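Observations on the three-dimensional arrangement
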Amino acid sequence: MDLDESFINKNQIAGSIRQQLAQDMSNYGYEIMSSLVTDLSPDAGVKRSMNEINASKRLKEAASHQADADKVKQVKAAEAEAEARYLSGVGVARQRTAIVSGLKGSIAEFEQQVDGVSSKDVMDILLLSQYMDTLSSVGANTLFLEHDPKAVSSLQSQVSSNFMKKVKGGFLS
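Residues numbered from 1 in each chain as written. Predicted model: local features only at pLDDT ≥ 70, side-chain atom pairs only at ≥ 80, totals over all residues. Heavy atoms only, no water.

Topic: the packing of helix α3 (residues 44–113) against helix α4 (residues 119–137)
- Running from N to C, α3 and α4 cross one another at 125°; their axes reach a closest spacing of 9 Å. Relative to α4, the element α3 lies oblique. Here the hand of the crossing between α3 and α4 comes out right-handed. Taking contact as the criterion, the partners of Leu 103, Ile 107, Phe 110 and Glu 111 in α3 are, on α4, Ser 119, Val 122, Met 123 and Leu 126.
- Residues belonging to the contact of α3 with α4 are distributed by class as follows: six nonpolar, one polar and one charged. (Axes fitted to C-alpha atoms, helices over the stretch in contact; angles between N-to-C directions. Helix = DSSP H or I, 4+ residues; strand = E, 2+ residues; numbered from the N terminus. Parallel < 35°, antiparallel > 145°, perpendicular 65-115°, else oblique. Left-handed = near helix turned anticlockwise from the far one by under 90°. Contact = heavy atoms within 4.5 Å. Nonpolar A, V, L, I, M, F, W, Y, C, P; charged D, E, K, R; others polar.)

Re the pattern of salt bridges
- Taken as a whole and judged by the stated rule, the model has two salt bridges.
- Between Glu 79 and Lys 76 there is a salt bridge; the shortest N-O distance is 3.7 Å. Taken together, the residues Glu 79 and Lys 76, both in helix α3 and three residues apart, mark about one turn of the helix.
- Between Glu 81 and Arg 85 there is a salt bridge, with its nearest N and O atoms 2.9 Å apart. Taken as a pair, Glu 81 and Arg 85 lie in helix α3 at a separation of four residues, close to a single helical turn.
- For Arg 85, a relative accessible area of 59% puts it in the exposed group. (Salt bridge = Lys/Arg side-chain N within 4 Å of Asp/Glu carboxyl O. Buried < 20%, exposed > 50% of the residue type's maximum accessible area, 1.4 Å probe, protein only.)

See the structure below:
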């Protein structure tokens, strides 16, 4: 029986001691009614060793619980990031759908109100406007253009043809 078991089984030890003493002492006329084991006191080195073992077990268990908690945190953080990215994608898709819907409405309204204008002309104007907005948003605070209708028309046709090349090439499809 090891030391841990002896602490647990004090009653069995007391019973064994009573039986042995009763047998030995009956020869001398004594009758042993009971024996009581109140405390087991191992050597100080053994006590220190047992305390270190118990502390080590508790530290090991605490480290395991901490690792499990860290794992849960990482999984939850990854799930939250995935959900945020998904919702961001949904938001971008809705924004683009709203932009396309607005453009369709603007083109149709512009065609109805201005005679002789085709949807291609309106798209060219919108592309030119988007081009200028893009230039201003990337930091081009000042833009010098020739003040000649032919130069604006040339820029418009360049933007339009490049856009159509990208669409036909599969970049925007």
